[in-house]
Amino acid sequence: SRIRDLLRLFIEGLTEKADYKQVSTAQWKVLMEAEDYILGHLDGDVSVKKLTMVTGVARSVLQRICKQFKHKGIHHWVIDLRMKEAARLLMTTDLQISQISVQVSSGTISGFSAAFTKYFKEGPKKYRENKSRKRHFDTDDFDSPNNNPD
């Protein structure tokens, strides 16, 4: 539905960067078809050629739509989605890093770790440890202005 699609864009933080009143229904459909395919195939073939086959548009059209609404090329968009999913899995599961690598990458574990480190400026293990520590800290019961009975 249109509401689901708008919510997805809001969550990704894209509402700050683009004027979605200018999005045509056809462009929106292409964008959502491509994103759905990418998210469903993070562990496999997410080539530009495959995305053009899935969406039924020429490479140049897909590239233009991606640049216009994602503010990056297709390849970088795929990397973003892979890294965000890896980060989500690191934070919400106890899966081993090698298992996460298999789910979000078609390459090697070392290649995944290098890409993750480049993207987040720290390796997957350190990322999980730091975020886990922060999450624990954030959920501790500290006196805060909102919890003060005074």
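Residues numbered from 1 in each chain as written. Predicted model: local features only at pLDDT ≥ 70, side-chain atom pairs only at ≥ 80, totals over all residues. Heavy atoms only, no water.

Student: Go over the pattern of salt bridges with me, naming the residues and quoting the values.
Tutor: Enumeration over the complete set of coordinates arrives at four salt bridges. When the shortest N-O distance is used, the salt bridge between Lys72 and Asp80 registers 2.2 Å. (Salt bridge = Lys/Arg side-chain N within 4 Å of Asp/Glu carboxyl O.)

Student: Describe helix α7 (residues 109-120), listing the residues and the values that go with them.
Tutor: Here α7 spans 16 Å end to end across twelve residues, near enough to the 16 Å set by a 1.5 Å rise per residue. The first or second residue beyond α7 is Lys121, which carries a positive phi of 65°. (Helix = DSSP H or I, 4+ residues; strand = E, 2+ residues; numbered from the N terminus. Expected span 1.5 Å × (residues − 1).)

Student: So, unusual backbone geometry: which residues are in play, and what are the values?
Tutor: Of note, His71 is a non-glycine position whose phi angle comes to about 60°, a positive value. Considering the arrangement of structural elements, one finds His71 in the loop between α4 (59-70) and α5 (74-92). Assessed through its relative accessible area of 37%, His71 is described here as partly exposed. We note that Lys121 has phi near 65°; this positive angle belongs to a residue other than glycine. If you trace the backbone, Lys121 turns up in the loop between α7 and α8 (124-139). (Buried < 20%, exposed > 50% of the residue type's maximum accessible area, 1.4 Å probe, protein only.)

Student: Before we move on, could you go through the packing of aromatic side chains and cite the residues and values that matter?
Tutor: Within the structure shown, the criterion is met by five aromatic pairs. The interplanar angle of 70° and the centroid separation of 4.7 Å between the aromatic rings of Tyr119 and Phe120 together place this pair among those described as edge-to-face. Exposure remark for Phe120: the relative accessible area of 22% places this residue in the partly exposed category. For the pair Phe120 and Tyr127, a centre-to-centre distance of 4.9 Å together with 50° between the ring planes defines the contact as tilted. Among the aromatic side chains, those forming a connected cluster through ring pairs are Phe112, Phe116, Tyr119, Phe120 and Tyr127. (Phe/Tyr/Trp six-rings, centres within 6.5 Å; stacked < 30°, edge-to-face > 60°.)

Student: Quick rundown of the packing of helix α2 (residues 25-40) against α4? Include the residues and the values.
Tutor: As a packed pair, α2 and α4 sit with axes 10 Å apart at the nearest point and diverge in direction by 90°. For the element pair α2 / α4, the angle class is roughly perpendicular. For the pair formed by α2 and α4, the contact residues are Gln27, Val30, Leu31, Ala34 and Glu35 on the first element and Leu62, Arg64, Ile65, Gln68, Phe69 and Lys70 on the second. Across the contact of α2 with α4, the residue classes tally to six nonpolar, two polar and three charged. (Axes fitted to C-alpha atoms, helices over the stretch in contact; angles between N-to-C directions. Parallel < 35°, antiparallel > 145°, perpendicular 65-115°, else oblique. Contact = heavy atoms within 4.5 Å. Nonpolar A, V, L, I, M, F, W, Y, C, P; charged D, E, K, R; others polar.)

Student: Quick one: what's the story with α4, residue by residue and with numbers?
Tutor: Owing to its 3.6 residues per turn, the α-helix brings residues three or four apart onto one side. When the terminal C-alpha atoms of α4 are compared, their 15 Å separation across twelve residues agrees well with the 16 Å that a helix rising 1.5 Å per residue should span. Those residues of α4 not exposed but buried are Leu62, Ile65, Cys66, Phe69 and Lys70. Buried residues of α4 fall within an arc of 100° about the axis and therefore sit on the same side. Residue His71 follows α4 closely and has a positive phi angle near 60°. (Arc of directions from axis to C-beta.)

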